[in-house]
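Observations on the model geometry
One letter stands for each residue in the lines below.
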Amino acid sequence: MSRASEGVRILPYSRVVGQDDLKLALELNYVAPTIGGVLMAGARGTAKSTLVRAFALMVHEELPVTLPINATDDRVVGGWELDALMRGEARPQPGLLEEAAEKGLLYIDEVNLLDDHLVNIILDVVSTGVLSVQREGLATAKQLSFGLVGTMNPEEGGLRPQLLDRFGLMVAASQLDTEARHRTIRTVLDFEEELTRKESAWLEDAERDDTARRERLERAKERVSRTQVPDEVVRLCAQAAERVAAVGQRGEIVATLAARALAALEDADAVGPGHLFRVLPMAFRHRRPETAHGGTFEWGREDESRVKDLFDAA
C-alpha cells in the first residue's frame, strides 16, 4: 500500500464501480482547473463522497480539505489566532481555503445546506484565483489555486440559480443496475478483506491502476494548453447553447474548456464534435431555464434531441 493509503480506509479510485460521469467530471476539472469546479447531485449512498476522497488520494496523495456545514467566515477565509490574541499578540490564522491550496482540493459535502454567503466567497476565489480579506483589521490578498468539488442531495433542497451557474460542471449520480450493484458489493467485501492482510496483490494491483491513471491525467494537464479548438467546434458549441436555451454565456465557455480537456485526455491534437457532445450535459444541465426554476437536473432524450442534428451534420 502507498503512503497515501496507509491508515485510510477508502476504496481505491480505480475500483469504484460505475459512476463514469462523476469520474469524468473530476478528471476534466483536474486537467483544466479553469473549468471552475464540479457539482455532484445524487441520492444518499451513491458513492459521491467515496469517489471524491478516492480521487484526492490518487492525484494529491492525501484526503481533500473538507468544509463543515457550520463553518464560519474566520474558518473559511482566515482570521486571528485566538490563543495569540488572548496573550496580546496579533497573529493571523490561515483558513480552509489556504489549506485547500496546499493540499490541492476543497470538498464541500451537502453544499446546498451551506450558507449562500460562504458558497459565493469560495466560488469567487475559485474563479479569480485570489483570496481577498478585508475585515477586522486584516487586509490581505493572496493568490490561491485549488480544485473544488461540491456534493448535494436534491431531496434536501437546492442551490440558488446564481450559485448553480458558478459551478463549472454538474453531474448526476446514476442508479446502478443489478450487475453493477453485484460488482459493488463484491468489490467492497474484497476490499475489506484485503485490508486485513499484511501483503495484498489486490491492493497492489489497484495502486498500479491508480498510478497509471494519475500519470495519464498529468500528461493531459501538461498538453491541454496546446490542444487546438477549431472554430467550427466553437460555433457548434454556440449553436448547442442556443438550442438548449442556456442562461448566460458561462455554459458554452465551460463546455469548450471541458471538451479540450477531454481531447487532451484522449491524446487528440484538436477538439472534435464528439468531445464536445460528450461534455454538453455536464456544462448545460444546470443552466437550462427549467433547472434554474426548480426543475430536474436530469439530461434526457428530449435534451439530447435538441442538439443531436447539429452533431449528426458535423
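Residues numbered from 1 in each chain as written. Predicted model: local features only at pLDDT ≥ 70, side-chain atom pairs only at ≥ 80, totals over all residues. Heavy atoms only, no water.

Attention shifts here to the packing of aromatic side chains. Under the criterion given, the structure shown has four aromatic pairs. Cluster of aromatic residues (ring-pair linked, three or more members): Tyr13, Tyr30 and Phe55. Above the plane of the ring of Trp202 lies Arg15, whose end atom (NZ or CZ) is 6.0 Å from the centre. Taking NZ or CZ as reference, Lys221 lies 4.1 Å from the ring centre of Tyr30, over its face. (Phe/Tyr/Trp six-rings, centres within 6.5 Å; stacked < 30°, edge-to-face > 60°. Lys NZ or Arg CZ within 6 Å of the ring centre and 35° of its normal.)

Glancing now at the nonpolar core. Grouped together as the largest cluster of nonpolar side chains are 63 residues, with contacts concentrated most on Leu28, Leu169 and Leu276. Setting aside chain neighbours within four positions, we find Leu169 in contact with Ala25, Leu28, Ile35, Gly37, Val38, Leu39, Val254, Ala258, Met282, Ala283 and His286. Within the second largest apolar cluster, 31 residues are counted, among which are Leu39, Ala71, Leu118 and Met152. (Core = buried A, V, L, I, M, F, W, Y, C linked by side-chain atoms within 4.5 Å. Buried < 20%, exposed > 50% of the residue type's maximum accessible area, 1.4 Å probe, protein only. Contact = heavy atoms within 4.5 Å.)

With twelve residues, helix 1 (residues 20-31) extends 16 Å from end C-alpha to end C-alpha; this agrees with the ideal 16 Å at 1.5 Å per step. For helix 1, the set of buried residues is Leu22, Lys23, Leu24, Ala25, Leu26, Glu27, Leu28, Asn29, Tyr30 and Val31. (Helix = DSSP H or I, 4+ residues; strand = E, 2+ residues; numbered from the N terminus. Expected span 1.5 Å × (residues − 1).)

So, on to the sheet that holds strand 1 (residues 38-41). With respect to topology, five strands assemble into an open sheet ordered 2-5-8-1-9, the strand pairing being parallel. Each edge of the open sheet carries a strand with a single partner, namely strand 2 (65-66) and strand 9 (169-172). Two strands pair when backbone bridges link them, and strand 2 and strand 5 (residues 105-108) are joined in this way by two bridges, in the parallel orientation. Paired with Thr66 across the strands is Tyr107, a residue of strand 5. (Pairing = 2+ DSSP bridges.)

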